[in-house]
Every structure is written in C-alpha cells, then in structure tokens.
Amino acid sequence: MPGCVNMPLSQTPRIAIIGGGLTGLSAAHRLSELASEQGLALDITLFEAGPKLGGIVGTVERDGYLIDTGADSFITNKPGALQLCQRLGLGERLQATDPKYRGALVLHNGRPVPVPEGFQLLSPSALWPVLASPILSPWGKLRIAAEYFIPARKNGSDETLASFVRRRFGSEALDRLVQPLVGGIYTSDPEKLSLAATLPRFLEMERDHGSLIRASRTAKPQAVAEDRVSSGARYGLFAGLRGGMRDLVDALSMRINERCTVRLDTPIVAINQLPTDPDALPYCL
Ligand SMILES: Cc1cc2nc3c(=O)[nH]c(=O)nc-3n(C[C@H](O)[C@H](O)[C@H](O)COP(=O)(O)OP(=O)(O)OC[C@H]3O[C@@H](n4cnc5c(N)ncnc54)[C@H](O)[C@@H]3O)c2cc1C
C-alpha cells in the first residue's frame, strides 16, 4: 500500500488530521495545547487537499471593504470560539456586531432584500412584515399565514428541515427564505439536515402549540420584541474579528505550524485498516 506506515506502539503517538478548515485547525491546535499542558509528546500531521488552510473560511479586501467569503462571525453564548480567540491572542481584535446593521438580506431578483422583520430562521414571529415583504408572492404569503391552521403531525419522529418547512409554510418559504438563511449557517442542504439535530425547538413548538405561529403568539412579550427587531440569526449574539475570519485562520495556522506538520495539496484518498498486529497501529492513510 503506497504511503502506508506501520508504527510501533512504543513510539510517540501519531495523529493524522484530515482537512485544514476551521475544524481541522482547531483540532490540531487543541491537541497541541493538551499535549503541552500534560507534558505529552504527540506527532500530529494535518493533511489538506487544497493549496491553503482555512477551508470555506476566507476574507478578501475590495473597494475599502473587508468581505468574509464564508463565516463572518461566531456565536458568543457558547464560549468555545471566544475563548479560542483569547488563547490565540486575538482578544484585542474581537469585534462586536453593530445593532444598527442587524438583520439579514437575501438576494431576490438580483437585489439584496431584507428578510422580513422577526423571521427567525424557519418561522415568522409576526405576520405583518411577511405580508409586506417583496420576497414572497401573494400565494407564498397566504401559504405562510395558513400555517396557523395546519394540523401538527401526530407522529413525533424526526424529518428533514426542508420537509418540515414545506409541510408547515410551503415551498416558497423554503426556497426564498429558509434555504438561504439556514444554508449559510449549516453549510448544508436543508433536504439532508435533520430538524431534531439542528433546530429541535421548532419541533417542540409544533408539538406543544400545534403551530409555530401560534407558539410565537404565546411567547413572552419580551422574547417576541427581540425577535421583531432581529431577523435571520440573532446577530446580537455574534462577534467577529477586525481583520475578518481570516484572522482566526492565520492565528491558528501560525500556532499549529510551530507544533504540527502541515501538508498542503495532499488529499487523503483512503483510510485502510491493517491486519491486526500487536506491534503496529491498525490504520494507514
Ligand atoms: C456563506 C457561509 C457563511 C457562513 N457563516 C457562518 C457564520 O457566520 N458563523 C458560523 O459559525 N458559521 C458560518 N458558516 C459555517 C462555517 O463556515 C463552517 O461550518 C465551517 O467553516 C466549516 O469548517 P470545516 O473545517 O468543518 O469545513 P471546511 O471549511 O469545508 O474545511 C474542510 C477542509 O477539508 C479539506 N478536505 C476535504 N476532504 C479532504 C481529504 N480527503 N483530504 C484532505 N483534505 C480534505 C478541504 O479541502 C477543506 O479545506 C458559514 C458557511 C458559509 C458557506
């Protein structure tokens, strides 16, 4: 098997990380941190198929603007990313989002149009902004409003995000609002995403209230007020970096270059399990 290396167990443990996007970079960084905290020797190699690190994350400069071509911010109520930035010495470069520019836009007929106020990923918290939005046709708006009367599914099993939205709000809401919003967050096709794994609160809203619109009408007034002023993801909960997300990729790359071997332009085509051998690790790339 070309490229296959057997390694006696007595040697330094060897770890292969496949992919140099944020997941692979963070894994390499965390492993190096743990190794130095615990005084362990680890031989870590990161394999990246492409010519650069960062995966889908990237920042370009154009006409005096910094444009993040993938992720532009991260959630702050789960502290992992914030803490990582601080450990990487990026604390000073953290940038809170400006509430003045809160909201999401979707491209409609070639123009960026604001998502109706209060539209929270899958579901509106108020109907008037949906009815006034140019994004949807009159039929699409009616179909969203009809959600109030669509009976809840009896069988509480999981379904795809796309099937849930189509069933409750219709295809137009899926194509013109939900797919652009959710696709950007999960980097995935809503036809393949499990609702229970990604946005279980919407399943619970259907189960507990019979309708998502009804559920938001019974929500606490303060929560509804918050929903109405933000659309898309809750941008008040997000932070970015002054130099764009490339700052994070650069800082991670610099750190891991000190402690790991990085092999660019090296796609891994197979992971083979070796015949069991008590003196060798059982996998090779
Ligand atoms: C437009 C857009 C906006 C987004 N906005 C946000 C946001 O604001 N906030 C947020 O938190 N998230 C956001 N996301 C999601 C976030 O960017 C991704 O979840 C995250 O960057 C994924 O990182 P990853 O390392 O898992 O995957 P990727 O970035 O896809 O990296 C995978 C890497 O693995 C390499 N690779 C693949 N196969 C092999 C192989 N066989 N051998 C070697 N290398 C291989 C690829 O070349 C690639 O470099 C957004 C995504 C998009 C597309």
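These numbers were taken from a predicted model, which means no experiment stands behind them.

**Q** Explanation requested: the overall build of the chain in the structure shown.
**A** Within the chain, the secondary structure is distributed over 11 helices and 14 strands. Every one of the 285 residues in the chain was classed for burial, and the buried ones make up 39%. Considering only residue pairs separated by 6 or more positions, the chain has 70% of its internal contacts joining residues 24 or more positions apart. A total accessible area of about 16300 Å² is found for the chain, and carbon and sulfur atoms account for 56% of it.

**Q** I tried to follow the nonpolar core on my own but got confused; where do I start?
**A** Within soluble globular proteins, side chains that are nonpolar tend to cluster in buried spots. Leu 122, Leu 161, Phe 164, Val 165 and Val 178 are the most contacted members of the largest nonpolar core, which totals 31 residues. Elements with a minimum of two residues in this core: helix H5 (161-169), helix H6 (171-186), helix H8 (200-209) and helix H9 (212-217). In terms of residue count, the dominant contributor to this core is H6 (six residues). Those residues within four positions of Val 165 in sequence are excluded, and the remaining contacts are Leu 122, Gly 170, Ala 173, Leu 174 and Val 178.

**Q** Would you explain the confidence of the model for the chain in this entry?
**A** In regions of low pLDDT, the predicted coordinates are not meant to be interpreted in detail. The predicted model of the chain averages 86 in pLDDT, with 88% of residues at 70 or higher. Highest mean pLDDT in the chain belongs to strand S12 (residues 261-263) (97); lowest belongs to helix H10 (residues 221-229) (49). Confidence over residues 226-235 falls short of pLDDT 50; this stretch has 36 contacts with residues more than four positions distant or in other chains.

**Q** Can you walk me through the sheet that holds strand S11 (residues 238-241) in this structure?
**A** Hydrogen bonds along the backbone pair up the strands of a sheet, which may run parallel or antiparallel. Taken in spatial order, the three strands of this open sheet run S5-S11-S6, and their pairing is antiparallel. Unpaired on one side and paired on the other, strand S5 (74-75) and strand S6 (94-96) mark the two borders of the sheet. Where S6 lies against S11, three bridges are found, and the strand directions are antiparallel. Bridge pairing links Leu 94 to Leu 241 in S11.

**Q** Could you clarify how one ought to interpret the site of the ligand in this entry?
**A** With respect to spatial proximity, 22 residues lie near the ligand, and among them Thr 23, Glu 48, Ile 56, Ser 73 and Gly 184 are the closest. Here an oxygen atom of the ligand and a backbone polar atom of Leu 22 are 3.1 Å apart. Ala 49 places a main-chain nitrogen or oxygen 3.0 Å from a nitrogen atom of the ligand. When residues of the shell around the ligand are traced back to their parent elements, those giving at least two are helix H1 (22-37) and H6. Built from parts of two domains, the shell around the ligand gets at least three residues from each of domain 1 (14-95 + 243-284) and domain 2 (105-232).

**Q** So what exactly am I meant to see when it comes to the packing of aromatic side chains here?
**A** The geometry of an aromatic ring pair is captured by two quantities: the separation of the ring centres and the angle between the planes. Across all of its chains, the model carries one aromatic pair by this definition. Measuring from centroid to centroid gives 5.3 Å for Tyr 148 and Phe 149, while their planes differ by 65°, and the two rings are edge-to-face. Tyr 148 gets classed as partly exposed once you look at its relative accessible area, which sits at 28%. Accessibility expressed as a relative area gives 67% for Phe 149, which makes it exposed.

**Q** Sorry if this is basic, but what is going on with the sheet that holds strand S2 (residues 43-47) here?
**A** Overall, parallel pairing links the three strands, which are arranged S1-S2-S12 in an open sheet. Each edge of the open sheet carries a strand with a single partner, namely strand S1 (14-18) and S12. When strand polarity is set aside, the average angle formed by the axes of neighbouring strands in this sheet is 20°. H1 rests against S1 and S2 of the sheet, and its axis sits at about 175° to S2.

**Q** Help me understand the pairing of S2 in this model?
**A** Look at any regular strand and the pattern is simple: side chains alternate between the two faces of the sheet. Of all five residues in S2, four are buried, a share of seventy percent or more. Examined bridge by bridge, S1 and S2 share five bridges and lie parallel to one another. Note on S2: the bridge partner recorded for Ala 16 is Thr 45. Handedness of the β-α-β unit built from S1, H1 and S2 comes out right-handed. Bridge analysis of S2 against S12 gives three bridges, and the strand direction is parallel. Paired with Thr 45 across the bridge in S12 is Thr 261.

**Q** Would you mind going over the side chain of Ser 133 with me for this structure?
**A** Residue placement: Ser 133 occurs in the loop between helix H3 (128-132) and helix H4 (138-145). Judged by relative accessible area, which is 5%, Ser 133 ranks as buried. A polar contact of 3.1 Å, which involves the side chain of Ser 133, links it to the backbone nitrogen of Ile 135. Non-local contacts of Ser 133, meaning those with residues more than four positions away in its chain, are made with Pro 116 and Lys 141.

**Q** Can you help me understand the pairing of strand S7 (residues 105-108) in this one?
**A** Alternating residues of S7 divide into Val 106 and His 108, all buried, and Leu 105 and Leu 107, none buried. For S7 and strand S8 (residues 111-114), the ladder comprises four bridges, and the chain directions are antiparallel. When the sheet's bridge partners are listed, Leu 107 is paired in S8 with Pro 112. Where S7 folds back on S8, the antiparallel hairpin that results is connected by two residues, among which Asn 109 adopts a positive phi of roughly 50°.

Rules used throughout
- Residues numbered from 1 in each chain as written.
- Predicted model: local features only at pLDDT ≥ 70, side-chain atom pairs only at ≥ 80, totals over all residues.
- Heavy atoms only, no water.
- Helix = DSSP H or I, 4+ residues; strand = E, 2+ residues; numbered from the N terminus.
- Buried < 20%, exposed > 50% of the residue type's maximum accessible area, 1.4 Å probe, protein only.
- Contact = heavy atoms within 4.5 Å.
- Areas by Shrake-Rupley, 256 points an atom, 1.4 Å probe, with all protein chains shown as cover.
- Core = buried A, V, L, I, M, F, W, Y, C linked by side-chain atoms within 4.5 Å.
- pLDDT = per-residue confidence, 0-100.
- Pairing = 2+ DSSP bridges.
- Near = heavy atom within 4 Å.
- Polar contact = N/O pair within 3.5 Å; in protein donor to acceptor, adjacent residues only side chain to side chain.
- Domains from an automatic or database assignment.
- Phe/Tyr/Trp six-rings, centres within 6.5 Å; stacked < 30°, edge-to-face > 60°.
- Axes fitted to C-alpha atoms, helices over the stretch in contact; angles between N-to-C directions.
- Right-handed = clockwise from strand over helix to strand, strands pointing away.

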